[in-house]
Amino acid sequence: METGKVNVTVTVNGVRRSAMVEPRMLLVHFLRDGLGLVGTHIGCDTSQCGACTVLLDGEAVKSCTVLAVQADGSDVTTVEGLGDMENLHPVQEGFWEKHGLQCGFCTPGVMMTAVGLLKQNLNPTEEEIREGLEGVLCRCTGYQNIVRAVQYAAARMSESEGHREVAAAGDDSGEGGR
Amino acid sequence: MIPSAFDYTRATSVEEAVKLLQAAGGEAKLLAGGHSLLPMMKIKLTSPGKLIDIGRIKELSGIRKEGNRLVVGALTTHRQVAADPLVRKYAPVLAEAASQIGDIQVRNRGTVGGNLAHADPASDLPAVALALEAEFEVQGPDGKETLDAGGFFLGPLITALPENSILTSVSFAIPPEGAKSTYLKYPHPASGYAVVGVAAVVSTGPDGMVNDARIGITGVADTAYRAEEAERALVGKKLSEQTILEVAALASEGQEMASDLFASAEYRRHLTRVYTIRALKRLLI
Ligand SMILES: Cc1cc2nc3c(=O)[nH]c(=O)nc-3n(C[C@H](O)[C@H](O)[C@H](O)COP(=O)(O)OP(=O)(O)OC[C@H]3O[C@@H](n4cnc5c(N)ncnc54)[C@H](O)[C@@H]3O)c2cc1C
Ligand code: FES
Ligand code: FES
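Residues numbered from 1 in each chain as written. Chains lettered and ligands numbered in written order. Predicted model: local features only at pLDDT ≥ 70, side-chain atom pairs only at ≥ 80, totals over all residues. Heavy atoms only, no water.

**Concerning the interface of chain B and chain A**
Put simply, the test is: Residue contacts are defined here by distance: any two heavy atoms, one from each residue, within 4.5 Å place the two residues in contact. One speaks of a salt bridge when a side-chain nitrogen belonging to Lys or Arg is within 4 Å of a carboxyl oxygen belonging to Asp or Glu. Any pair of nitrogen or oxygen atoms within 3.5 Å is treated as a polar contact; in protein, a donor-acceptor pairing is required on top of that, and neighbouring residues in sequence qualify only through side-chain atoms on both sides. Secondary structure elements are taken from DSSP: a helix is a run of H or I of four residues or more, a strand is a run of E of two residues or more, and numbering for both begins at the N terminus.
Contacts between the two partners involve 33 residues from chain B, matched on the other side by 34 residues from chain A. The salt bridge involving A:K62 is made with B:D103; its shortest N-O contact spans 2.7 Å. Taken together, the connections running from chain B to chain A amount to 14 residue pairs in polar contact (both at pLDDT 80 or more). At the level of elements, β1 (7–10), α2 (37–42), β3 (50–53) and α6 (104–109) of chain B are the ones that each hand at least two residues to the side of chain B that touches chain A. Ranked by residue count, the leading element in the side of chain B that touches chain A is α6(B), at six residues.

**A few points about a negative patch on the surface**
Residues and elements named next belong to chain A. Put simply, the rule is: Each patch is built from salt-bridge-free residues with over 30% relative accessible area, joining like charges within 9 Å and nonpolar side chains (Val, Leu, Ile, Met, Phe, Trp, Tyr) within 5 Å. Areas reported here follow the Shrake-Rupley algorithm with a probe of radius 1.4 Å; residue values treat only the protein chains shown as occluding. When charges are tallied, Lys and Arg are placed among the positive residues and Asp and Glu among the negative ones, while His and the ends of the chain are skipped. Working definition for charges: the position is that of NZ of Lys, CZ of Arg, CG of Asp or CD of Glu. Partly exposed describes any residue whose relative accessible area lies between the buried limit of under 20% and the exposed limit of over 50%, with all areas from a 1.4 Å probe on protein chains only and scaled to the type maximum.
The grouping of E127, E128, E131 and E134 at the surface amounts to a negative patch. With respect to the secondary-structure elements, E128 resides in helix α4 (residues 126–132). Given the relative accessible area of 34%, E128 is considered partly exposed.

**Regarding the site of ligand 1**
Here is the rule we go by: Consider each residue's heavy atoms; a residue with any of them within 4 Å of a molecule or strand counts as near. Residues are grouped as follows: nonpolar covers Ala, Val, Leu, Ile, Met, Phe, Trp, Tyr, Cys and Pro; charged covers Asp, Glu, Lys and Arg; every other residue, Gly included, is treated as polar.
If you check the shell around ligand 1, you find 32 residues, and the closest are B:L30, B:H35, B:S36, B:T111 and B:D124. This site is not confined to one chain, since residues near ligand 1 come from chains A and B. Residue B:L30 places a main-chain N or O atom 2.6 Å away from an oxygen atom belonging to ligand 1. Considering ligand 1 on its own, with 960 Å² of exposed area, one finds that the protein chains cover 96% of that surface. For the shell around ligand 1, the secondary structure elements donating two or more residues are β2 (28–31), α7 (112–118) and β10 (166–173) of chain B. By residue number, the principal contributor to the shell around ligand 1 is α7(B), which donates four residues. Across the shell around ligand 1, the residue classes break down as 13 nonpolar, 15 polar and four charged.

**Points about the sheet that holds strand β14 (residues 225–226) of chain B**
Residue and element names in this part refer to chain B. Using the following cut-off: When DSSP finds two or more bridges between a pair of strands, those strands are recorded as paired. In this description, a line fitted to the C-alpha atoms serves as the axis of each element, helices being fitted only across the stretch in contact, and the angle between N-to-C directions of two axes falls anywhere from 0 to 180 degrees.
Taken in spatial order, the four strands of this open sheet run β11-β12-β13-β14, and their pairing is antiparallel. In the strand order of this sheet, the two ends are held by β11 (180–187) and β14, each with one partner. Here two bridges tie strand β13 (residues 210–218) to β14, and the two strands are oriented antiparallel to one another. Looking at the pairing, I217 lines up with Y225 of β14. Sitting on the sheet, helix α11 (residues 265–282) touches β11, β12 (194–204), β13 and β14, and the angle it makes with β11 is about 145°.

**Brief notes about the domain arrangement of chain A**
All names here are of chain A. Threshold: Domain segmentation is taken from an automatic or database assignment of domains. Values labelled buried area give the accessible surface lost by two parts on being combined, using a 1.4 Å probe and summing over both.
Here chain A is described as being made up of domain 1 (1–81) and domain 2 (83–168). Put simply, the middle of domain 1 and the middle of domain 2, counted by C-alpha atoms, are 22 Å apart. Each partner contributes residues to the interface: domain 1 has 19 residues there, and domain 2 has 15 residues. For the domain 1 face of the interface with domain 2, the top three residues by lost area are H41, L55 and V79, together amounting to 36%.

Structural data, given as structure tokens:
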């Protein structure tokens, strides 16, 4: 069947990217094959493993279950956009410090899911973290250190959130900064 | 793994989507959150020639209270439903069920309308739609109509949705003040879908006797159903452990249980009784 290509424009990790794609192209292929962002992995055919998780307009989604054309006009954050060696995201730091990975195949998806979770709930309980990670499968770690990594990140993030609040409160009082 | 090629159109209004459906003459499928359709297309269980994306029609999203009903737009996501203050206050059983669908990523994309229109026999929301006597607002070539949840689910992936029509919103009856409700599911260990799911809504009169009971059950049969025998047996009795044991035995009465590699019909009948007991026991406190 003849099918027309469609224009898709997505802001990926802060950079606007446009391409003509087949409507059937999955977002994960757009990212990996189209843009060379191979940090987003593909681990299954059944939308279950979560290795392909990215943030779509700030929410964790499985990019193997979203058409690129559905993401047209949206913001996408992949693991490449999270941080770099000099400036790790608290979640990346948590995985480093708490040894949250072994083979690393699931890690990008797990980290993006964790970032999505912490956006929705900055102070999750251990149970909430485990529930929040239901959509990712890890065949290596047994999840213990992944949970510790997310707890580490949550603590770091609420710490800096606290600082920001203190700073903001200082501004409001009109007494100037520190 | 990618879907077969298809034509894609993004509809900007319900009217436009209906026209596109008509023009496609049965070739097209609607695309909402894509979390039932795309997994099926990826493994080629279905290969529609055309997709009509309704995902950006603003009027299809949102939750509002209208009298004693809660109206949920078809495109409202599971996550929005689970977190919504109106739902949590007036129909907590709906929030409870929505928060148990799949995982965070699925709940961020999947929609209430897509879940119900898809009518997967293992979906969670059909049980709640039945227990909250939902009404489905539908728009098609001949205008709008309202369908009862009771007659909506006809078979696996088969509904009473008329041809070329779109489910625009679902209105759930708010249980009477003081009613107790819960949704309890036994999730399939791999897929997370319901092997059995029981939605129970029970009201008690001033005399301490049950005066209204609605039990929706999903996962075990070809479609979700209301356990009418069990409901009838509850009314007029005091909700006690003894009563619960008696009525739960009726929860699969008159239903043919589904059977597959994971759970035989006999096991599903057993699970239906056990999960009905557990669900109703939660209402004791
Ligand atoms: C990994 C995974 C786990 C899941 N686990 C669960 C679970 O535990 N419990 C559960 O209940 N569900 C589960 N689901 C399914 C999920 O809830 C889906 O989101 C939902 O069933 C379909 O909604 P959708 O918006 O994604 O619909 P789509 O996939 O876009 O559409 C599904 C079907 O409904 C039709 N349709 C969609 N919207 C409308 C409308 N407004 N009017 C008419 N027809 C329409 C489409 O044409 C299509 O045929 C899971 C899905 C995945 C991928
Ligand atoms: S690749 Fe497994 S969920 Fe997307
Ligand atoms: S670290 Fe190997 S799959 Fe998770």
